[in-house]
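For reference, the chains in residue letters:
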Amino acid sequence: MASRSTSLLTLILLLLPSFLELFQVEALEMERIALLKFKASLEDPSGRLSSWVGGDCCRWEGVDCSRGTEHVIKLDLRNPYQPSEAEFPLSRLVGQISDSLLDLKYLNYLDLSSNDFQRNPIPNFFGSFGRLSYLNLSRAAFSGMIPPHLGNLTNLIQLDISSSSSYDGTWVSDINWLSGLSSLEYLNLGSVNLSQAQDYWPEAVNMLPSLLELHLPGCQLNNFPQSLPFVNFTSLKVLNLNDNRLEASMPGWLFNVSTLVELRLRTAQMKGPVPLDAWGNLCSLKVLDLSGNSISDAGIEFVDSLSTCSNNSLEELLLAQNLFSGQFPDSLRYLKNLRLIDVSENQFHGQLPTSLGHLKNLQSLDLSKNELSGLIPDSIGNLDHLRHLDLSDNSIYGLIPPSIGRLLSLEELDLSHNIMNGTIPESIGQLKELHTLQLDWNPWTGAVSEIHFMGLTNLEYFSLYLSPATNNSLVLDTKSDWIPPFSLKVIKIGNCKLPSTFPAWLGTQKELYHIILRNVGISDAIPEWLWKLSPQLGWLDLSRNQLRGKLPTPLSFGTFHGWSMADLSSNRLEGPLPLWYNLTYLRLGNNLLSGTIPSNIGELSSLRVLALFGNLLNGSIPTSLSKLQYSRIIDLSDNHLSGKIPYNWNDTKMLNILDLSKNRLDGEIPSSICSMQIIYLLSLSDNNLSGELSPSLLNCTGLNSLDLGNNRLSGEIPQWIGERMGLLTQLRLRGNMLTGNIPQQLCGLSDIRILDLAHNNLSGSIPPCLSHLSALKFMALLDTPLDDLYADYYTERMDLVVKGKQMEFQRILSIVKLIDFSSNNLLGEIPHGITNLSTLGTLNLSWNQLTGEIPEDIGAMQGLETLDLSSNRLSGQIPLSMSSITSLSHLNLSHNLLSGPIPATNQFQTFNDPSMYEGNPGLCGIPLSTQCSTPNKTHKDEGDENEDGWKMSWFLTSMGLGFPVGFWAVCGTLALKNTWRHAYFQFVDEAKNSLYVLIAINVVCFKRKMERNGGTHG
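Residues numbered from 1 in each chain as written. Predicted model: local features only at pLDDT ≥ 70, side-chain atom pairs only at ≥ 80, totals over all residues. Heavy atoms only, no water.

1. A look at the overall build of the protein chain
As a reminder of what qualifies: In DSSP terms, a helix is any run of H or I states spanning at least four residues, a strand is any run of E spanning at least two, and both are numbered starting from the N terminus. Exposure categories follow from relative accessible area, calculated using a 1.4 Å probe and restricted to protein chains: below 20% of the type maximum is buried, above 50% is exposed, and the middle band is partly exposed.
From N to C terminus, the protein chain includes 8 helices and 62 strands. Split into buried and exposed, the 1018 residues of the protein chain put 50% on the buried side.

Following this line, the structure appears as structure tokens:
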């Protein structure tokens, strides 16, 4: 019996290896099949899994096996490319994760990051990988709730389930499952929505004693507890809470985590004050990022506390986009390990401290967009390792110190938008590592020659775009045969002086994709080599020169950050209009282009801006123009275009501006022209358009400016203009054949600043309600509704009669305030309420049939610069209050029935032209030859004395007789009747401003009288 047992045991021992090997083979085959099922569930457009064939899965790409057991222990299928790389999209695995992965029993490493799992939720079964120590599912297009089953992964050391953005839609309702991950050292939940768990996240994280890095950026947190019962994560090195809405100050417990190496609170809506002394506890800190929080402390004196650390470990100080002010603390010199300082977009002032030269390890210094002044210290040349220096957008003045040439590691230098003057030093040519040089918008003088570029072998970006106010004071003086040592990609030169011939050296720059040579004095033909670069050019600006010749067609341009632009406006280019494809902006205005607009211009489908103004284009407007469905601006003004306006505009849904003015267009305004309801400016002036104002304009409810002047439009001004176009600031209908009354509904245009109805056949009276036009009563900030992306590519223009002359207004049009009703058949008196328009600059009511007197309180219109009431039938005297309008520089009262003396004070002393008063037989005084019965000065003095005496008599009589009667009649009644009492005090409140003006005028009159009397007696 014993021998049988022994034999059986021997047999089992002999067969056991075979059984174990069989089980091992079956297990390995199960893992291979699991991987193949996983592959089958995915799309692999780039063939990343093409090696997954054959029997040995341990040789497959992204699969690692244990050396002893050959079980799959690691699956690394992260996208090998970064999102910024062109190969990234096609290299993503796409689909849904198969649960066959559960058969990988020995898996301890899983990385599926940067793939596309099509917004499917993270599988619950991931919580069953009990051996996992590393799990990375970041930026993999998951959505839905993060499964709490992940809390079962007790061996997990690193967990990254961050999303590329909050729009991916992953969220957590209960974060307490984190407490099960006791071995976790790295946790990244970036852009996962934690708003439902924000009251618990600090406590949950505080239960992870081994945690070294915590990344919770963009998690929609608005809770940053100011206290914790205890701090358990005493080993924490990295805390990242960027892009949240914490709305809290720095909590005190944070400064007890002395192990912190990185503290990142960028755009977390942190509040001040920043503690001054507690930072000395964070002596291990290497990165401090508080940028983008609008912290409004007086200064950054808290760095004094950091400088007390003996090891001075801080390497990166990021405080940009706050409201820090004051000067830089001198204690910065002690932070000798600083590699990066970014305090841009704050309110620092004063000079740059010379102590900056002590920071020998500094590699990047960004002080841009502050209020710094003074000179750049010569000590800046001591920063041997400096690679990035940005001092732009300050008020730094003086010369660039020659020591700048010692910064031999410098790669980027930006001194733009300061007030630096003098010559640019030649030592800048010694910066052999420099690839970006920006010197824009400084009043440089002198010359820049080849010597300045001699050593700049790595230069790729050069910008010297100056203010037009410099009057081309800087000369770029290079020889015609110069061959630069660099290969530029971007060149921006504006408002400088170049040789009159096109720079030949630019032809050696084969990598250019951005060219600006604006207003640089070139008077030449555009060379052929430039057009050969068009497929790579995303930006070409040669405007405001004297370029000549014809433009090649067709051409296809490249793109620059998704946009492309060609601006050759304000030159002397001629020939037909070219067809240039792939452009976003095309500006060829103010040239000599002729012929017709190509009928297939609608093929330029990418255009947002088409500006062809100021040429010699003729023929009709092609109907294909309406196919530019993405266009925001179409400007064909000031050409010789004829025929009718195209009928169909239904496809141009994004159009903001349509300017067809100053052509020879005829017919009626098409009914579809306002199908684009976001249109902001419509200018059809100076054409031969006829018919009545189309009811289709009713749809233009977003119009800010409507200019239909100088056409042959007829009928009445529609009431709906005032009812439906409430955003109008400019309405110009002058020079038509409009009839009827001025509708009172126009008084509802509270934002109107320009109301020009001159040269029509309007009748009736001037609406008294014009006094309600708020924009002409108060000063206000003016905004354009046009997107900033497009505002620079259209200059609004309007012809207005101001100071007796017709002028074209452009840049300052937004501040013009004008009412012009001249040359109509208006009757009645000038409404007294019009004097409430205190900020109105021009009032022209000439050539009508107005009667009555000029409003006595016209002096309240303190903004008036032009007043033309000529050729009416106005009577009475010129109001004395008119002399108080100190801004009045143009006055015309001729051809009326005015009488009496012309005022002789203030502005009237400058009106020496008698023609402004002629045709008024009853007027007398300077500058007319007709003298008043007494000298004008004596007349005024006597009038003042008589008026003062009458006022004094009235005052004494009132005091003697009126007080007792008035007291009981008024005060007694007010005491007994509530309604009368309320009405009275309301009247007093409304009258106080008028009373103030009256008192001020009387005081001025009294002072002037005393001055004259003093002069006489002296």
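Text resumes after the structure shown.
2. Quick notes on the side chain of Arg 732
Worth spelling out the cut-off: Contacts are assigned to residue pairs that have any heavy atoms within 4.5 Å of one another.
Position of Arg 732 relative to the elements: it lies in strand S49 (residues 730-732). For Arg 732, a relative accessible area of 1% translates into the label buried. Setting aside its immediate chain neighbours within four residues, Arg 732 contacts Ser 685, Asp 686, Leu 706, Asp 707, Leu 708, Gly 709, Asn 710, Asp 756, Met 798, Asp 799 and Leu 800.

3. Remarks on the pairing of strand S29 (residues 490-494)
Defined as follows: Only strands that DSSP links by at least two bridges are regarded as paired with each other.
Most of S29 is tucked away: 4 of the 5 residues are buried. Pairing geometry for strand S27 (residues 461-465) and S29, over 5 bridges, is parallel. Note that in S29 the partner of Tyr 461 across the bridge is Val 490. Inspection of the sheet shows S29 paired to strand S30 (residues 514-518) by 5 bridges, in the parallel sense. Directly across from Val 490, in S30, lies its bridge partner His 514.

4. Describing the packing of aromatic side chains
Formally: Stacked, tilted and edge-to-face pairs are distinguished by plane angle, under 30 degrees for stacked and over 60 for edge-to-face with tilted covering the rest, among Phe, Tyr and Trp rings (Trp via its six-membered ring) whose centres lie within 6.5 Å. Criterion for a charge above a ring: Lys NZ or Arg CZ within 6 Å of the ring centre, and within 35 degrees of the ring normal.
In total, this model carries 27 aromatic pairs according to the counting rule given. The interplanar angle of 25 degrees and the centroid separation of 6.0 Å between the aromatic rings of Trp 563 and Tyr 585 together place this pair among those described as stacked. Here the residue Trp 563 occupies a position in the loop between strand S33 (555-556) and strand S34 (565-567), and Tyr 585 occupies one in strand S37 (residues 585-587), the gap between them amounting to 22 residues. Classification of Tyr 585 as buried rests on a relative accessible area of 3%. Between the aromatic rings of Phe 908 and Phe 911, the centroid separation amounts to 5.6 Å while the plane-to-plane angle is 80 degrees, which identifies the pairing as edge-to-face. Of the two residues examined, Phe 908 and Phe 911, each falls in the buried class. The structure contains a cluster of three or more aromatic residues connected by ring pairs, namely Phe 453, Phe 462, Trp 482, Phe 486 and Trp 505. Over the aromatic face of Tyr 109 sits the side chain of Lys 74, whose NZ or CZ is 4.4 Å from the ring centroid. The ring of Phe 613 has Arg 797 sitting right over it, with the charged end atom 5.0 Å from the ring centre.

5. Let's talk about the sheet that holds strand S35 (residues 572-575)
Note the threshold: The axes used here are C-alpha line fits, helices contributing only the stretch in contact, and every angle between their N-to-C directions lies in the interval 0 to 180 degrees.
Within the open sheet, the 11 strands sit side by side as S32-S35-S38-S40-S42-S44-S46-S48-S50-S52-S56. Their pairing is parallel. At either end of the open sheet lies a strand with only one pairing partner, and these are strand S32 (548-550) and strand S56 (825-827). Strand-to-strand twist across the sheet, computed as the mean angle between neighbouring axes with direction ignored, equals 15 degrees. Note that strand S46 (residues 688-692) and strand S48 (residues 712-716) share 3 bridges and pair parallel. Its bridge partner being in S48, Glu 692 is matched across the sheet by Ser 714.

6. Topic: the pairing of strand S38 (residues 592-596)
As judged from the 2 bridges shared by S35 and S38, these two strands associate in the parallel manner. Bridge pairing links Glu 574 to Leu 592 in S38.

7. Observations regarding the side chain of Asp 541
Looking at the element boundaries, Asp 541 is found in strand S31 (residues 539-541). In this view, Asp 541 contacts Ile 515, Ile 516, Leu 517, Arg 518, Met 565 and Asp 567; residues no more than four positions away in its chain are not counted.

8. Regarding the state of the cysteines
What counts is decided by this rule: Disulfide: a pair of cysteine sulfur atoms within 2.5 Å of each other.
Inspection of every chain in the model, using the stated rule, returns 5 disulfides. What pairs with Cys 58 in a disulfide is Cys 65, and their sulfur atoms sit 2.1 Å apart. Judged by the torsion about the S-S bond (-100 degrees), the Cys 58/Cys 65 disulfide is left-handed. By relative accessible area, which is 18% here, Cys 65 ends up buried. A disulfide bridge connects Cys 283 with Cys 309, and the sulfur atoms are separated by 2.2 Å. Classification of the bridge connecting Cys 283 and Cys 309 rests on its S-S torsion, roughly -80 degrees, and on that basis the disulfide is left-handed. One end of the pair, Cys 283, is in the loop between strand S13 (262-264) and strand S14 (287-289); the other, Cys 309, is in the loop between helix H3 (303-306) and strand S15 (316-318), and 26 residues separate them in sequence.

9. Concerning unusual backbone geometry
Most of the time, phi is negative for any residue but glycine, and the peptide bond is trans. Put simply, Gly 272 and Pro 273 share a cis peptide bond, and its omega is -5 degrees. Examined against the element boundaries, Pro 273 turns out to sit in the loop between S13 and S14. The residue Lys 369 is not glycine, and still its phi comes out positive at about 60 degrees. As for its placement among the helices and strands, Lys 369 is situated in the loop between strand S19 (364-366) and strand S20 (371-374). Not every positive phi belongs to a glycine, and His 895 is a case in point at roughly 55 degrees. Looking at the secondary structure, you find His 895 in the loop between strand S60 (890-892) and strand S61 (897-901).

10. Some thoughts on the pattern of salt bridges
Where we set the bar: A carboxyl oxygen of Asp or Glu within 4 Å of a side-chain nitrogen of Lys or Arg is what we treat as a salt bridge.
In the structure shown here, the tally under the stated rule is 21 salt bridges. A salt bridge links Arg 339 to Glu 315; its shortest N-O distance comes to 3.2 Å. Of the two residues, Arg 339 sits in the loop between strand S16 (325-326) and strand S17 (340-342) while Glu 315 sits in the loop between H3 and S15, which places them 24 residues apart along the sequence. Residue Arg 339 is classed as partly exposed on the basis of its relative accessible area of 29%. Beyond isolated ion pairs, a larger network of salt bridges with shared partners links Arg 518, Asp 541, Asp 567 and Arg 587.

11. Quick look at the nonpolar core
The criterion, for reference: By nonpolar core is meant a set of buried Ala, Val, Leu, Ile, Met, Phe, Trp, Tyr and Cys residues that side-chain atoms within 4.5 Å join together.
Phe 126, Trp 279, Leu 568, Trp 580 and Tyr 917 are the most contacted members of the largest nonpolar core, which has 254 residues in total. Grouped together as the second largest cluster of nonpolar side chains are 13 residues, Phe 560, Tyr 585, Val 609 and Tyr 794 included.

12. Section: a negative patch on the surface
For clarity, the threshold we go by: Candidate patch residues must exceed 30% relative accessible area and have no salt bridge, after which like charges are joined if within 9 Å and Val, Leu, Ile, Met, Phe, Trp or Tyr side chains if within 5 Å. Using a 1.4 Å probe, accessible areas were evaluated by the Shrake-Rupley method; residue-level cover was limited to the displayed protein chains. Charged-residue counts in this description rest on Lys and Arg as positive and Asp and Glu as negative, His and the chain ends being excluded. Where a charge lies is defined by one atom per residue type, namely NZ (Lys), CZ (Arg), CG (Asp) and CD (Glu).
On the surface, a cluster of negative charge is made up of Glu 829, Glu 853, Glu 856 and Asp 857. Its place among the elements puts Asp 857 in the loop between strand S57 (842-844) and strand S58 (866-868).

13. Comments concerning the sheet that holds strand S59 (residues 875-876)
Sheet architecture is open: 3 strands sit in the order S59-S61-S62, paired in parallel fashion. Looking at strand neighbours, the two that pair on one side only are S59 and strand S62 (922-924), the edges of this open sheet. Taken together, the 3 bridges between S61 and S62 define a ladder with parallel strand orientation. Note on S62: the bridge partner recorded for Pro 901 is Cys 924.

14. Quick notes on a nonpolar patch on the surface
On the surface, a nonpolar cluster with roughly 280 Å² of combined accessible area is contributed by Leu 375, Tyr 397 and Ile 419. Its place among the elements puts Leu 375 in the loop between S20 and strand S21 (388-390). Since its relative accessible area comes to 44%, Leu 375 is described here as partly exposed.

15. Quick word on the confidence of the model for the protein chain
As a reminder, the rule being used: Confidence scores here are pLDDT values: one per residue, from the predictor, ranging 0 to 100.
Confidence along the protein chain averages 87 in pLDDT terms, with 87% of residues attaining 70 or more. Predicted confidence is poor over residues 936-1018, with pLDDT under 50, and the contacts of this stretch with residues over four places away or in other chains come to 25 contacts.

16. Section: the environment of Gly 863
Looking at the secondary structure, you find Gly 863 in the loop between S57 and S58. Residue class for Gly 863 comes out partly exposed when judged on its relative accessible area of 22%. Non-local contacts of Gly 863, meaning those with residues more than four positions away in its chain, are made with Ser 838, Thr 839, Leu 840, Gly 841 and Ser 887.

17. Here's the deal with the environment of Ser 685
Rules: By the criterion applied in these results, polar contacts are pairs of N or O atoms within 3.5 Å in which, for protein atoms, one can donate a hydrogen and the other can accept it, and in which residues neighboring in sequence qualify only through two side-chain atoms.
Following the sequence through the fold, Ser 685 ends up in the loop between strand S45 (681-683) and S46. Note: C-alpha distance between Ser 685 and Asn 736 (51 residues apart in sequence) is 10.0 Å. Not counting the four nearest positions on each side in its chain, Ser 685 is found in contact with Ser 661, Lys 662, Asp 707, Leu 708, Gly 709, Asn 711 and Arg 732. Side-chain polar atoms of Ser 685 contact the side chain of Asp 686, separated by 3.3 Å.

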